[in-house]
Amino acid sequence: MKILGISGSPRKKGSTSELVQTVLEATGLETEFISLGGKKISACKYCLACAKDNVCKVKDDMYKLREKLLEADGFVIGGCNMWSTLNGYTHNFMERLFQFHHQGNNPLRGKPAVAIGVGGGDGNPPAQELLNRFKMFGFNTVGSVTAQGDFACYSCGIGNKCDISLVCGLDENGDVDMNCKPNLNKQPQVLKEAKQLGKLLKGAVCI
């Protein structure tokens, strides 16, 4: 049994990737982790060239992932919050699953999946978007977990005094220690939930 983990965050190393890998490790099964950061995955062109054989004809990095998706027995897919919705990399990845959605012969249907949502303020929007896509494509949804990630405002240099800083908005006095970036080690309950989901995913895969 093999579980495929996908982090759709543009950051190859960050809270989304870390949380996806936490779930993977907790399964105790064979796993593979892939970051979409830096890859070229275009949006679905709706050309319908996949309708006859369930194979997308767009030759980008998503094309290279097709066999890995087919071989996997379960999935952990993580996305981050960009403007209160699912970020572009993850959104495009999920759109391109349309290639499997024809002729009532979706090879991914019924495969167990876990959704990961991370956001500087709220990880729920990306997680909910993923859960919606899971339902559309017929995945067996095991559950979801959300976490607080790192705001870009922590890294720009003026995030503690900028008029539009989201970091300042987290503190009613606007008094923010710019060295106190959110990370998963400060969220033990999230890590606990992630590990529990890993065990549930293992159970769903090994029925």
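Residues numbered from 1 in each chain as written. Predicted model: local features only at pLDDT ≥ 70, side-chain atom pairs only at ≥ 80, totals over all residues. Heavy atoms only, no water.

K.L.:
I would appreciate a short explanation of the environment of Gln 148 in the present structure.
P.N.:
Structurally, Gln 148 is set in strand S6 (residues 140-148). Judged by its relative accessible area of 28%, Gln 148 is partly exposed. Through-space distance from the C-alpha of Gln 148 to that of Gly 121 is 6.3 Å; in sequence the pair is 27 residues apart. At a separation of 3.0 Å, a polar atom in the side chain of Gln 148 contacts the main-chain carbonyl oxygen of Gly 120. (Helix = DSSP H or I, 4+ residues; strand = E, 2+ residues; numbered from the N terminus. Buried < 20%, exposed > 50% of the residue type's maximum accessible area, 1.4 Å probe, protein only. Polar contact = N/O pair within 3.5 Å; in protein donor to acceptor, adjacent residues only side chain to side chain.)

K.L.:
I tried to follow helix H4 (residues 124-136) on my own but got confused; where do I start?
P.N.:
What sets the pattern is the α-helix's 3.6 residues per turn: residues three or four places apart point alike. Taking 1.5 Å per residue, 13 residues should reach 18 Å; H4 reaches 18 Å between its end C-alpha atoms and fits that length. Every buried residue belonging to H4 is among Pro 126, Ala 127, Leu 130, Arg 133 and Phe 134, and all of these are buried. Projected down its long axis, H4 shows its buried positions confined to an angular sector of 120 degrees, all on one face. Away from its buried face by more than 90 degrees, H4 exposes Lys 135 and Met 136. (Expected span 1.5 Å × (residues − 1). Arc of directions from axis to C-beta.)

K.L.:
What should I look at first to understand the pairing of strand S5 (residues 112-119) in this one?
P.N.:
Side chains on a regular strand alternate between the two faces of the sheet. By the criterion of burial, S5 is predominantly enclosed, with eight of the eight residues buried. Across the two faces of S5 the burial is the same, with Pro 112, Val 114, Ile 116 and Val 118 and Ala 113, Ala 115, Gly 117 and Gly 119 all buried. Of the pairings in the sheet, the one linking strand S3 (residues 74-82) to S5 comprises six bridges and is parallel in character. Across the sheet, the residue bridging to Phe 75 is Ala 113, located in S5. Both S5 and S6 contribute to a ladder of eight bridges, which runs parallel. Bridge pairing links Ala 113 to Thr 141 in S6. Between the parallel elements S5 and S6, the chain passes through H4 in a crossover that is right-handed. (Pairing = 2+ DSSP bridges. Right-handed = clockwise from strand over helix to strand, strands pointing away.)

K.L.:
Explain the nonpolar core here, please?
P.N.:
Within soluble globular proteins, side chains that are nonpolar generally end up buried alongside one another. Leu 69, Phe 75, Ile 77, Phe 93, Leu 97, Phe 134 and Phe 139 are the most contacted members of the largest nonpolar core, which has 23 residues in total. The greatest single-element share of this core, amounting to three residues, is contributed by helix H2 (residues 61-71). For Leu 97, the contacting residues outside a window of four places in its chain are Met 62, Leu 69, Leu 108, Phe 137 and Phe 139. Counting residues in each nonpolar core, the second largest holds 18 residues, with Val 23, Val 76, Ile 116 and Ala 194 among its members. (Core = buried A, V, L, I, M, F, W, Y, C linked by side-chain atoms within 4.5 Å. Contact = heavy atoms within 4.5 Å.)

K.L.:
Mind showing me how you'd approach the pattern of salt bridges here?
P.N.:
Opposite charge on two side chains permits them to pair, given that their charged atoms come into close proximity. Following the criterion strictly, the structure yields seven salt bridges and no others. Asp 53 is the salt-bridge partner of Lys 57, the closest N and O atoms lying 2.9 Å from each other. A relative accessible area of 34% means that Lys 57 is categorised as partly exposed. Residue classification places Asp 53 among the partly exposed positions, given a relative accessible area of 42%. A salt bridge links Arg 133 to Glu 129; the nearest nitrogen and oxygen atoms lie 2.9 Å apart. Of this pair, Arg 133 and Glu 129 both sit in helix H4, separated by four residues, roughly a single helical turn. Among the ionic contacts, a cluster of salt bridges with common partners joins Lys 2, Glu 32 and Lys 68. (Salt bridge = Lys/Arg side-chain N within 4 Å of Asp/Glu carboxyl O.)

K.L.:
Would you explain the side chain of Thr 16 in this entry?
P.N.:
Turning to its location among the elements, Thr 16 is positioned in helix H1 (residues 15-27). Setting aside residues up to four positions removed in sequence, Thr 16 forms contacts with Ser 7, Ser 9, Gly 78, Gly 79, Cys 80 and Val 118.

All quantities given are derived from atomic positions and should not be read as evidence of function.
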